Amino acid sequence: MTPQHVIIIVSALGGVIGGMGMGGGTLLIPLLTLAAGLEQHLAQAINLIAFVPMSVVALVIHKNNGYVSIAKSAPIVGCAAIGAVCGSFLARYAGGYELRASFGAFLIALGLIQMYKAISAVVKKKKASKNKSAQIKVG
Amino acid sequence: MNDKVRNSLFYVGGTAVGFVSGFFGGGGGMLCVPLLQFGGLDAKRAHASALLVILPICIISAAIYIKNGYFDVTAVLCACIGVVLGGIVGATALDKLNGTAVSIIFALLMIAIGIKSVIA
């Protein structure tokens, strides 16, 4: 397997997760560095570029379905753009390991939050169905 | 919370979304969705509208990265092919999978890759 094959495979994995709407881009960067051995900054650039065609398609689909709220998102685009310019310029001065490790910490935090949310949703559902069956018994 | 505080938090959050995307090359979407929910959108609309915020900042950030010399034609092409193919599979499979199972698996994957990123 050539390095190109590895890149295609890990990107496909990132794409599958992204296609499910769960931020596949977030995992694409560590996959590209850890599995495909790319340099951190290059992996970040690739993620940014690969996101563009993917999100254009998704955006058109969501827009047609009426899920895109321009009124809510337009006001923050300007602020976000300023933040992006600063972040992108600063990234150049950060070391590869520092970027990867702090992004890793960010991922761990997000993972824990997501886990908590998923589990509490299950618990809630179970409680609701328990109450329902109790009510039926009483009735 | 009054409107003024709410609005400024919204703008500060927006700047943070941009900064994270630019600095780390991704992950801004994960912050943008809860921010838009805070702004009053439901989960589905927040996910869809987040794309509208992330798309322009990705283009800006990508341009700056390329200008700084972080670019490799072959790697970019391979990654785009993979992402698009995987994206189609993922979007198609979404309907057929259990939502809770998927989010727990995804959470575990994030934690595992996060730990690996820190210690590797």
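Residues numbered from 1 in each chain as written. Chains lettered and ligands numbered in written order. Predicted model: local features only at pLDDT ≥ 70, side-chain atom pairs only at ≥ 80, totals over all residues. Heavy atoms only, no water.

1. Here we look at the packing of aromatic side chains
Next, step 1: Per the stated rule, a full pass over the model turns up five aromatic pairs over all chains.
Next, step 2: When the centroid spacing of 5.5 Å and the interplanar angle of 35° are considered together, the rings of Phe103(A) and Phe24(B) count as tilted. Residue Phe103(A) is found in helix H5 (residues 96-138), and its partner Phe24(B) is found in helix H1 (residues 3-24); the two belong to separate chains.
Next, step 3: Of the residues examined, Phe103(A) reaches a relative accessible area of 3% and is grouped as buried.
Next, step 4: By relative accessible area, Phe24(B) is classed as buried at 13%.
Next, step 5: Taken together, a centroid distance of 5.5 Å and an interplanar angle of 15° make the contact between Phe19(B) and Phe23(B) stacked. Here Phe19(B) pairs with Phe23(B), and both are found in helix H1, just four residues apart, close to one helical turn. (Phe/Tyr/Trp six-rings, centres within 6.5 Å; stacked < 30°, edge-to-face > 60°. Helix = DSSP H or I, 4+ residues; strand = E, 2+ residues; numbered from the N terminus. Buried < 20%, exposed > 50% of the residue type's maximum accessible area, 1.4 Å probe, protein only.)

2. Points about the pattern of salt bridges
All names here are of chain B.
Next, step 1: Tallying each qualifying case throughout the model produces one salt bridge over all chains.
Next, step 2: In this structure, the salt-bridge partner of Asp42 is Arg45, at a minimum N-O distance of 3.0 Å.
Next, step 3: For Asp42, a relative accessible area of 38% translates into the label partly exposed.
Next, step 4: The class for Arg45 is partly exposed, based on a relative accessible area of 32%. (Salt bridge = Lys/Arg side-chain N within 4 Å of Asp/Glu carboxyl O.)

3. Points about the environment of Cys58(B)
Next, step 1: Tracing the chain through its elements places Cys58(B) in helix H3 (residues 43-67).
Next, step 2: Accessibility expressed as a relative area gives 5% for Cys58(B), which makes it buried.
Next, step 3: Between the C-alpha atom of Cys58(B) and that of Gly90(B), which follows or precedes it by 32 residues, the distance is 21 Å.
Next, step 4: Apart from the residues within four sequence positions on either side, Cys58(B) is in contact with Leu48(A), Phe51(A) and Val52(A). (Contact = heavy atoms within 4.5 Å.)

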